[in-house]
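# Reading the structure
Residue-level listing of the chains:
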Amino acid sequence: MVTTTSFNTTKSEEIFTAAQKLMPGGVSSPVRAFKSVGGQPIVFDRVEGAYAWDVDGNKYIDYVGTWGPAICGHAHPEVIKALQAALVKGTSFGAPCVLENVLAEMVIEAVPSIDMVRFVNSGTEACMSILRLMRAFTGRENIIKFEGCYHGHADMFLVKAGSGVATLGLPDSPGVPKSTTKSTLNAPYNDLEAVKALFAANPDSIAGVILEPVVGNSGFITPDAGFLEGLREITKENGALLVFDEVMTGFRISYGGAQAKFGVTPDLTTLGKVIGGGLPVGAYGGRADIMSMVAPAGPMYQAGTLSGNPLAMTAGIKTLELLKKPGTYEQLDRVTKKLADGLRNIAQEAGHDVVGGQISAMFGMFFANSPVHNYDDAKKSDLQKFSRFHRGMLERGIYLAPSQFEAGFTSLAHTEEDIEQTLVAAKEVLSII
Ligand SMILES: *Cc1c(COP(=O)(O)O)cnc(C)c1O
């Protein structure tokens, strides 16, 4: 049995039962509902550092990190202090504010492709805006995305998408007009030939290619050697734009994101998660000539009442300041490697087929018997076994993303001891599932 007797979640169950009458599925975002792993979700009471506490008083080592933003650890004292100081000056201006300049300068300095940036309120908003910009700039309508990549929930991207769409096995969402997705072309990840074929079949009509440069939304999948470089070449040859959706990887796999890590510079980039430091922020940016199309500098309309919000900017600025200190990414890499290698070794010793890896503070492990290069490979993993693993870890105080199709995240607050404790729990669970 995976179950432990001391694990009490009575209050979580009461609250979630009530929530289901109040909100669809009891949640504000689908993956939180534990549908794919079974059992009821845990209701959080507070978070701090590498830890989360639920309403029943159970403590967890948290590897979700509010799905990416908490890279400095939850409720970092310096972020909280900066927010407290910002709060008394008001929660929203709806007018220019110098904090926007500060965060914009930090983003432009860090991310190779970004000469100019526009702040929005979520990754979804960043991706839907960048799609409009790709089309406005090129005058072309088709885009290429990859199966299992998630670019938020805008209509145009809800075709073979990752994250919750993959987790819940939703084919294409009802309510998305066929006319909207007709111009969304899909290719398997890591398949340059498929991309070439799409360009050949749709001459002069493809605005660009958008992808997660390291996939985190169909589990953790890395780009094969030459894949990102190949996309850079193909898009250039065809007069199309290359867009890295770095909402997850930005400031996570290196300070300059995947583009700095792999040395491939796209034309445009979307950001989110980390740059909001736990408050709602997204951003898109890129070459100045392209970004100059955005209103009011240019004709492409995009706006937001709360965009560039002073609290969100403050949390983002402080988070990037903390990340910029020397040695942070080395520390993240060391701790995360210990975790990812440890999990894989323990699983293999216990006789399980697993594959997985890690880049900086992002990791993953599939219960699969062959390497995972794309979403089809990921779907061959043993989802039942993952559910048992997830439950067993949860009951031992380890909070993992409740889906095989999500990457895991560490933070600067995760210590070697946290990792050791996690591996002890994993050893127990992996020996009985
Ligand atoms: C999370 C994510 C999004 C969507 O961001 P939200 O803030 O949830 O709207 C888009 N793209 C990628 C790669 C993501 O990981």
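Described in the following lines is the structure provided in the data block. Bear in mind the structure is a predicted one, so any value in this text is a computation, not a measurement. (Residues numbered from 1 in each chain as written. Predicted model: local features only at pLDDT ≥ 70, side-chain atom pairs only at ≥ 80, totals over all residues. Heavy atoms only, no water.)

Residue placement: Thr9 occurs in the segment before α1 (10–22). You can call Thr9 buried: its relative accessible area is 9%. At 2.7 Å, the side chain of Thr9 forms a polar contact with the side chain of Glu13. When neighbours within four sequence positions are excluded, Thr9 is seen to be in contact with Ile42, Asp56 and Asn58. (Helix = DSSP H or I, 4+ residues; strand = E, 2+ residues; numbered from the N terminus. Buried < 20%, exposed > 50% of the residue type's maximum accessible area, 1.4 Å probe, protein only. Polar contact = N/O pair within 3.5 Å; in protein donor to acceptor, adjacent residues only side chain to side chain. Contact = heavy atoms within 4.5 Å.)

Now for the site of the ligand. Around the ligand, a shell composed of Ser122, Gly123, Thr124, Tyr150, His151, Gly152, Glu212, Asn217, Asp245, Val247, Met248 and Lys273 is seen. Between the ligand and Thr124 there is a distance of 2.6 Å, counted from an oxygen atom to a side-chain nitrogen or oxygen. At 3.0 Å, a side-chain N or O of Asn217 approaches an oxygen atom of the ligand. Its residues assigned to classes, the shell around the ligand comprises three nonpolar, six polar and three charged. (Near = heavy atom within 4 Å. Nonpolar A, V, L, I, M, F, W, Y, C, P; charged D, E, K, R; others polar.)

So, on to the packing of helix α12 (residues 328–349) against helix α15 (residues 416–430). Angle between the axes and distance between the axes: these two values describe a pair of packed helices. The N-to-C vectors of α12 and α15 enclose an angle of 15°; their axes lie 10 Å apart at closest approach. The pairing of α12 with α15 is recorded here as roughly parallel in orientation. In the crossing of α12 with α15, the sense of the turn from one axis to the other is right-handed. Together, Arg334, Val335, Lys338, Leu339, Gly342, Leu343, Ile346 and Ala347 of α12 and Glu416, Ile419, Glu420, Thr422, Leu423, Ala426, Lys427 and Leu430 of α15 make up the contact between the two elements. Broken down by class, the residue content of the contact of α12 with α15 amounts to nine nonpolar, two polar and five charged. (Axes fitted to C-alpha atoms, helices over the stretch in contact; angles between N-to-C directions. Parallel < 35°, antiparallel > 145°, perpendicular 65-115°, else oblique. Left-handed = near helix turned anticlockwise from the far one by under 90°.)

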